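Structural features, examined
Letter by letter, the chains look like this.
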Amino acid sequence: MERDLNSTDRRIYDCFLIAAGGLSLGPKIGWQLMNEYFSCASDIVSGNFKKAPDEDCDTEALESFITKSRGAAADSRRREAAEKAIERYIEFGEKLSREYGQQVRAQVLTIFDEGYPEALRHISNAPIVLFMAGAKFDAKSENFAVVGTREPSNYSLALCEKITEGIAGAGYVIASGMAMGIDACAHAAAIKSGGVTYAVVATGLDIVYPAANRKLYGDILLSGAVLSEQLPGEGAKNYSFVARNRIITGISKATLVCGAGFQSGALISAKCAFEQSREVFAITGDDFRPDLKGCHELIRKNYAKLALNSADILNDICPEKIKKSRLDQSETRAFKKDKKADATAPLEFDGSRAGALSEDEKKVFDSIERLCVKNSEPPALELIAENSEGLGAGRVLAAISGLELKGLIIEHDGKRYRINK
């Protein structure tokens, strides 16, 4: 694969190597620094700078990043994974052509490309490489995320459909994760209303998960796009579901939590949105409904604003779109602004609800505990990742989110974490 590559082949190969290495932006290498010193993904793999670093701290951060990149490129397993993924990607592209003609196409987007979602560049841990397939994808589209439980009540489903149709009718692209339950409802409601929808999946683009959503997957390809940071051929893993949540909220202006239990991925999505300085909304209802207890907790702690209909949301994020949404004006009401909570504050759920830890969570928890004792201060995310042997950035991020939701660790300023004693 590495021999006699033309410039196009080399770019693709380097992109797949970066994805195989799980490289993403971090606390020391943000988009501004990345854009200042690199011009393309191949520069990262080869270690070429556009200019010499100006500051010593930049030099240290860049050299550490390049070392990780070179390590991924030199790893035979990652090279093999990249090569197999390229074969899957080519097969997938051919399948799309056979089934949909030229209207649906697959692309490999890097953070340097114009086609990369603009809003996503500026979040913490933004993926450097993103895979996309679909008929309608616009990097500058205004997106709105809808997330929720996989096992919603009829009430949550009905409210999800009603609100989503109103938001889509106002011109927003609906973003979700193509899971069963609320995700599937949101995608279907956007399509039903004639809108565009993006699905951010936790597997490779060529894998439909869950399989029951196969028809929905095809509808999304025609009505919008499917996005993933996972290599083609990559199956579903627990950590990849959590990691993809930051992308769903990262590409979106605001997020609606439409049903969530106490230990749900939807709550992790809400936390991601809050940390990304995005607006968060949540539905409410009968307090005895298990699918709404997480929503009530978000509202009670001022992490989310109450949404009874789409007018509540549009009044807050874009009042001028109320008329465009074709809403029943009787729904429109003055929306009382909630006091903004500290975006860095942890979700203080009852620690007694914490379930058994996954192997990744145990490893990361142990790393944080050791580093706190060794350094006498909360360790930074990057240091935790370096000391969590065998885990990539995505898995460490997922484990940290899980530990926070279980009340076992607390975040401090600068993405630093300590054990919650």
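Figured I'd write up the structure that's included with this text. (Residues numbered from 1 in each chain as written. Predicted model: local features only at pLDDT ≥ 70, side-chain atom pairs only at ≥ 80, totals over all residues. Heavy atoms only, no water.)

**So, the overall build of the chain**
Scanning the chain for helices and strands turns up 15 helices and eleven strands. Residue pairs in contact within the chain that sit at least 24 positions apart in sequence constitute 72% of those at least 6 positions apart. With an accessible surface of roughly 18,700 Å², the chain has 48% of that area assigned to carbon and sulfur atoms. (Helix = DSSP H or I, 4+ residues; strand = E, 2+ residues; numbered from the N terminus. Contact = heavy atoms within 4.5 Å. Areas by Shrake-Rupley, 256 points an atom, 1.4 Å probe, with all protein chains shown as cover.)

**Section: the nonpolar core**
Counting residues in each nonpolar core, the largest one holds 107 residues, and the members touching the most others are Phe-16, Met-34, Ile-128, Phe-144, Leu-256 and Val-257. Ranked by residues supplied to this core, first place goes to helix H1 (residues 7-20) with eight residues. Those residues within four positions of Val-257 in sequence are excluded, and the remaining contacts are Val-147, Ala-266, Ala-270, Val-280, Phe-281, Ala-282, Ile-283, Cys-295 and Leu-298. Listed in part, the 15 residues of the second largest apolar core include Ile-368, Leu-381, Ile-409 and Ile-419. (Core = buried A, V, L, I, M, F, W, Y, C linked by side-chain atoms within 4.5 Å. Buried < 20%, exposed > 50% of the residue type's maximum accessible area, 1.4 Å probe, protein only.)

**With respect to the pairing of strand S11 (residues 416-419)**
Only one face of S11 is buried, namely the one carrying Tyr-417 and Ile-419, since none of Arg-416 and Arg-418 on the opposite face is buried. Of the strand pairs in this sheet, strand S10 (residues 409-412) and S11 are connected by four bridges, and their pairing is antiparallel. Bridging from a neighbouring strand, Glu-411 pairs with Tyr-417 of S11. (Pairing = 2+ DSSP bridges.)

**Let's talk about the side chain of His-296**
Following the sequence through the fold, His-296 ends up in helix H11 (residues 293-300). Taking the relative accessible area as the measure of exposure, His-296 reaches 15% and is therefore buried.

**Concerning the packing of aromatic side chains**
This structure, assessed with the given rule, holds ten aromatic pairs. Taken together, a centroid distance of 5.7 Å and an interplanar angle of 55° make the contact between Tyr-209 and Phe-241 tilted. Residue Tyr-209 is located in the loop between strand S5 (197-200) and helix H8 (214-223), and its partner Phe-241 is located in helix H9 (residues 238-250); the two are separated by 32 residues in the primary sequence. You can call Phe-241 buried: its relative accessible area is 17%. Cluster of aromatic residues (ring-pair linked, three or more members): Tyr-37, Phe-38, Phe-49 and Phe-65. It is Arg-121 that lies over the ring of Trp-31; its NZ or CZ is 5.1 Å from the centre. The aromatic ring of Phe-241 is capped on one face by Arg-150, whose charged end is 5.4 Å from the ring centroid. (Phe/Tyr/Trp six-rings, centres within 6.5 Å; stacked < 30°, edge-to-face > 60°. Lys NZ or Arg CZ within 6 Å of the ring centre and 35° of its normal.)

**Quick look at unusual backbone geometry**
Note that the residue after Tyr-209, namely Pro-210, is joined by a cis bond; omega there is 0°. With respect to the element layout, Pro-210 can be found in the loop between S5 and H8. With phi around 65°, Asn-125 is a residue other than glycine that occupies positive phi space. Within the secondary structure, Asn-125 sits in the loop between strand S1 (105-110) and strand S2 (129-134). In this structure, Asn-302 takes a positive phi of about 65° despite not being glycine. Assignment of secondary structure puts Asn-302 in the loop between H11 and strand S9 (305-306).

**Quick notes on the state of the cysteines**
All chains considered together, the criterion is met by zero disulfides. This cysteine, Cys-15, is not joined by any disulfide, and Cys-40 carries the nearest cysteine sulfur, 8.6 Å off. We classify Cys-15 as buried; its relative accessible area is 0%. (Disulfide = S-S within 2.5 Å.)

**Description of helix H4 (residues 56-74)**
Between its first and last C-alpha, H4 extends 27 Å over 19 residues, near the 27 Å set by a 1.5 Å rise per residue. For H4, every residue scored as buried is listed here: Asp-58, Ala-61, Leu-62, Phe-65, Ile-66, Ser-69, Ala-72 and Ala-73. Buried residues of H4, viewed axially, fall in a sector of 130°; they line one side. Exposed residues lying more than 90 degrees from the buried face of H4 are Asp-56, Cys-57, Glu-60, Thr-67 and Ala-74. (Expected span 1.5 Å × (residues − 1). Arc of directions from axis to C-beta.)

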